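One letter stands for each residue in the lines below.
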Number of protein chains: 2
Amino acid sequence: MEIKHLRSPQTEDILPDHWYNIVPDLPEPLPPMKKPNGEDVKPEELIAIFPKKLIEQEFSTERFIKIPDELLSLYLELGRPTPLFRARRLEEFLDTPARIYYKYEGVLPTGSHKINTAIAQAYFNMLEGTKRLTTETGAGQWGSALALAGALFGLKVRVYMVRASYDQKPYRRILMQIYGAEVIPSPSPYTKSGREILERDPNHPGSLGIAISEAIEDAVTNPGTKYSLGSVLNHVLLHQTIIGLEAIKQFELIGEELPDIVIGCVGGGSNFAGLAYPFYYEEIVRGKKKSVKIIAVEPKAVPSMTRGIYTYDYGDTARLTPMLKMYTVGHRYTPPPIHAGGLRYHGVAPTLALLVKNNIVKPVAYHQTEVFRAAQLFAQMEGIVPAPESAHAVKAVIDEAIRAREEREKKVIIFNLSGHGLLDLAGYQEYLENRLRDYEPEKIDLSYLNTY
Amino acid sequence: MEIKHLRSPQTEDILPDHWYNIVPDLPEPLPPMKKPNGEDVKPEELIAIFPKKLIEQEFSTERFIKIPDELLSLYLELGRPTPLFRARRLEEFLDTPARIYYKYEGVLPTGSHKINTAIAQAYFNMLEGTKRLTTETGAGQWGSALALAGALFGLKVRVYMVRASYDQKPYRRILMQIYGAEVIPSPSPYTKSGREILERDPNHPGSLGIAISEAIEDAVTNPGTKYSLGSVLNHVLLHQTIIGLEAIKQFELIGEELPDIVIGCVGGGSNFAGLAYPFYYEEIVRGKKKSVKIIAVEPKAVPSMTRGIYTYDYGDTARLTPMLKMYTVGHRYTPPPIHAGGLRYHGVAPTLALLVKNNIVKPVAYHQTEVFRAAQLFAQMEGIVPAPESAHAVKAVIDEAIRAREEREKKVIIFNLSGHGLLDLAGYQEYLENRLRDYEPEKIDLSYLNTY
């Protein structure tokens, strides 16, 4: 039987013993977090919301950060290393000379990559005596990952879930409740910011910005409680680099050359960075394939990188977070109701923004209808139904594979299939019934943003 | 880092190159399929509904049947070998000396083991020129697996889906449609048997029995069309033995002894047989551990093995199938609406029935509330939310692990976690909201059954 590169082995020794921190390898220094008065945020100012170890990681300039043994065991227990598949059928269908690989994070218990940082955050919190974590969730992928992490480390978890999702998408909420988390529709009567909004409008549908504000206020005002975030920040992206580090070892193991093209979708940037940053280090920083093309895919409905500006902005609508320098369409921007809930975020991670600014990462944007069409083709070829977020990467992969065919180039492509879509079938239903709507804002108001 | 048996490696060489056929190793000859007049069914009489190669497998008495290379590649592409996990956290929580392992089939694209036979059936049909497959589905796990298999081998697939499920559970239907299958609510106007029922009651909710009748009639009356079944028959169980064959190699690889207890849930018997039959061969037939205890778990609501009788019965309500000798609660029995849709079947596979009759397999039955309670504990300990069907096995595992604690025995337990429950969260919702109902029939009418 001749089986070549359909799937790399998954063995313990593929698991890296460190995460990769891109900060020391950026093409220019990372602009610091800032307070509204323009001063830099000092590490100790974050102690009310994060444990010391995570703050240390957030500000670290060390290239490699050791993964504690207990977390390594847990990564294994939960299904890491995840498989590296070759999409041979898709290649044949597209009649492309490109070799297409994907790292599939959907085998993990909650169906996406989010658990990679959720357990790390829960672990370091547990070590420092945190008893309770708060967070926000929109579509629910992050919330369910943190709910599971809380169960695994004996921490209580409260998730502020955007009320519209809470009411319309009960299944993600049930998943969080199975894991024992308390799920609160936001805006809620439990916080000052929630109560103020409910007084004005008792039926307010909520927003991710409001939910972040509530989760932070809850953490700051309740003893033993810290806050957890699922993307954007350095320490979150750091934990996700286990994806790319595994992929590099898997490429070695099957004797494949380093990729010519690396692709991921971007909401805040965590699954993208998780795959792409280790390849950035290997190929660009270490000079093994400087020609590598790194593509970040976003929805046209929330075009932070393709139509936003590079400036300091808040992470939430209520401006409770520090300001971060990033590509942003502005914290007042209301993302249209596309099905890729995880991509409905106004900014991107500061490290990613810096790579985009320096033309190292190339952003592209798609409409959701073309994205779902690509996803259905992928499902019929490879079997896996992609999450609507990951489907954005699939669309870019197909475009690159077609380009490789036209240019007759044997490109090696890898992308992050960050999750499956089995909890997102309502979006596929709209696609199949031709009811999907595409959104592209005519004008985006950026005038109120800082220009630090 | 000391990591011991959390998870076995997943590499190509774990894939077996053959399936295991239990027929020659049964404790007594397998009673043949019969026609209503009492005559044996001859292989050639099944040609209208199955391709020759599958009929050959159905009647085969060879112990090992080679898996074609193309199928082996596809098993790899779809994610086999599946992981063998150790449930260390569950062991610790239960404070048991038992070592608990599980084979996790939920990493496969449609989220369950059903794809193992779906691709084999589609492949052999494709080889013999079949253009179109029909089948029935209740909850939808089997239908979605066959839909994907059809997409992979270029066969059209029509799934007759019980109308009540079609209307109430749109997501499984959407999954089948993503893969390109045609999904028809049953009873339908496309078949004589469907039309007859619709004439009497245009709003008939349908049943699995009716859907089977429609799918068979469709196959028999349309050129180029064959019928596919997801459980019960010898060739279907045969294909599933890849699960147990992998598990045996994985046990060897991690240096674990053969299990003392093997557990699986039973609807028709395919996931159970898939795991248990290869261990039966290794431990009982080959005599490596004759003391092994093999437990088949069923719902108290559909107690074929624990309260049924061993006799010839039809596979469907409409009596279109041949008769099989099995434990059955009768083809007229209407299974109560428990959430484990895959266990709502009146009989069990003839090979399994024979093992139960000979006291080699021990059946146990549970109520769904205690099953969901066990499943939630498992999810909080191990991360994976079990499908309601597989959760029946989880409940039995917990009971056995507690018994091992009480008897201070270091038992090695393995069970089949045949699928995840991410498309079954409505059942968990009812459980969490204390709305689950348990069903236990007071009397079961068996008087009309044959007594061959």
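Just so we're clear, the structure is a prediction, and the values are computed from it rather than from any experiment.

Turning our eyes to something else, we now look at the relation of the copies chain B and chain A. Turning chain B through 180 degrees and shifting it by 0.0 Å along the axis lays it on chain A, with an RMSD of 0.0 Å. The relationship between the two copies is best expressed as a two-fold rotation axis. A share of 100% of interface residues in chain B that are also interface residues in chain A marks the association as one of identical surfaces.

Attention shifts here to the UniProt feature "domain: Tryptophan synthase beta chain-like PALP" (unreviewed entry) in chain A. As annotated by UniProt and renumbered to match this structure, "domain: Tryptophan synthase beta chain-like PALP" (unreviewed entry) occupies residues 78-419 of chain A. A helix fraction of 45% and a strand fraction of 19% characterise residues 78-419 of chain A, whose end C-alpha atoms lie 15 Å from each other.

Attention shifts here to the domain arrangement of chain A. Residue and element names in this part refer to chain A. For chain A, the domain assignment lists domain 1 (12-16 + 81-111 + 240-443) and domain 2 (50-64 + 113-234). Using only C-alpha atoms to locate each centre, domain 1 and domain 2 end up separated by 24 Å. With 31 residues of domain 1 at the contact, the number on the domain 2 side is 28 residues. Carbon and sulfur atoms supply 62% of the area buried between domain 1 and domain 2, which totals about 2200 Å² over both sides. Per-residue buried area on domain 1 facing domain 2 is highest for Thr 110, Gln 240 and Leu 423; these three make up 26% of the total on that side. In this assembly, domain 1 and domain 2 are joined by 0 salt bridges. Remark: the boundary between domain 1 and domain 2 carries 8 residue pairs in polar contact (both at pLDDT 80 or more). Every element with two or more residues in the side of domain 1 that touches domain 2 is listed here: α11 (242-253), α12 (270-285) and α14 (350-357). Examining the composition of the side of domain 1 that touches domain 2, we find that 4 residues originate from one element, α12, more than from any other.

So, on to helix α5 (residues 141-153) of chain B. Residue and element names in this part refer to chain B. Across its 13 residues, α5 extends 19 Å between first and last C-alpha, which sits within 8% of the 18 Å expected from 1.5 Å per residue. With 12 of 13 residues buried, α5 lies mostly within the body of the structure. Taken as a whole, α5 has its buried residues at Gln 141, Trp 142, Gly 143, Ser 144, Ala 145, Leu 146, Ala 147, Leu 148, Ala 149, Gly 150, Leu 152 and Phe 153. Directly beyond the C-terminal end of α5, a positive phi value near 65 degrees is found at Gly 154.

Residue and element names in this part refer to chain A. The strand order across the open sheet built from 6 strands is β3-β4-β14-β9-β10-β13, with neighbouring strands paired in mixed fashion. Of all strands in the sheet, those with a lone pairing partner are β3 (84-86) and β13 (361-366), marking the two edges. On average, each strand axis in the sheet is inclined to that of its neighbour by 25 degrees, with strand direction left out of account.

Residues and elements named next belong to chain A. UniProt annotation of "modified residue: N6-(pyridoxal phosphate)lysine" (unreviewed entry) refers to Lys 114 when read in the numbering used here. Inspection of the secondary structure assignment puts Lys 114 in the loop between β4 (99-104) and α4 (115-127). Leaving out residues up to four positions away in the same chain, Lys 114 has contacts with Gln 141, Trp 142, Ala 145, Gly 230, Ser 231, Gln 240 and Ser 270.

Right, let's talk about the packing of aromatic side chains for a bit. All told, the structure shown has 35 aromatic pairs over all chains when counted by the stated rule. Ring plane angle 70 degrees and centroid distance 5.2 Å describe the contact between Tyr 123 of chain B and Phe 124 of chain B, whose orientation is recorded as edge-to-face. Residue Tyr 123 of chain B shares its accessibility class with Phe 124 of chain B, and that shared class is buried. Pairwise contacts between aromatic rings join Phe 85, Tyr 102, Tyr 104, Phe 378 and Phe 415 of chain A into one cluster. We note Arg 158 of chain A situated over the ring of Tyr 190 of chain A; from NZ or CZ to the ring centre the distance is 4.3 Å. The ring of Tyr 448 of chain B carries Arg 332 of chain B above its face, with NZ or CZ at 3.9 Å from the centroid.

Checked against the element boundaries, Asn 359 of chain B lands in the loop between α14 (350-357) and β13 (361-366). For the pair formed by Asn 359 of chain B and Leu 155 of chain B, sequence separation is 204 residues and the distance between their alpha carbons is 42 Å.

Attention shifts here to the sheet that holds strand β6 (residues 156-162) of chain A. Residue and element names in this part refer to chain A. If you trace the 4 strands from one edge of the open sheet to the other, you get β7-β6-β5-β8, paired in parallel fashion. The open sheet terminates on both sides in strands that have one partner only, identified here as β7 (182-186) and β8 (225-227). Going across the sheet, the axis of each strand differs from the next one's by a mean of 25 degrees, ignoring polarity. The pairing of strand β5 (residues 132-137) with β8 spans 3 bridges and is classified as parallel.

Calculation criteria
Residues numbered from 1 in each chain as written. Chains lettered and ligands numbered in written order. Predicted model: local features only at pLDDT ≥ 70, side-chain atom pairs only at ≥ 80, totals over all residues. Heavy atoms only, no water. Least-squares fit on C-alpha atoms with pLDDT ≥ 70 in both. Contact = heavy atoms within 4.5 Å. UniProt positions renumbered as here; feature names shortened; annotations may be inferred. Helix = DSSP H or I, 4+ residues; strand = E, 2+ residues; numbered from the N terminus. Domains from an automatic or database assignment. Buried area = accessible area lost by both parts, 1.4 Å probe. Salt bridge = Lys/Arg side-chain N within 4 Å of Asp/Glu carboxyl O. Polar contact = N/O pair within 3.5 Å; in protein donor to acceptor, adjacent residues only side chain to side chain. Expected span 1.5 Å × (residues − 1). Buried < 20%, exposed > 50% of the residue type's maximum accessible area, 1.4 Å probe, protein only. Pairing = 2+ DSSP bridges. Axes fitted to C-alpha atoms, helices over the stretch in contact; angles between N-to-C directions. Phe/Tyr/Trp six-rings, centres within 6.5 Å; stacked < 30°, edge-to-face > 60°. Lys NZ or Arg CZ within 6 Å of the ring centre and 35° of its normal.

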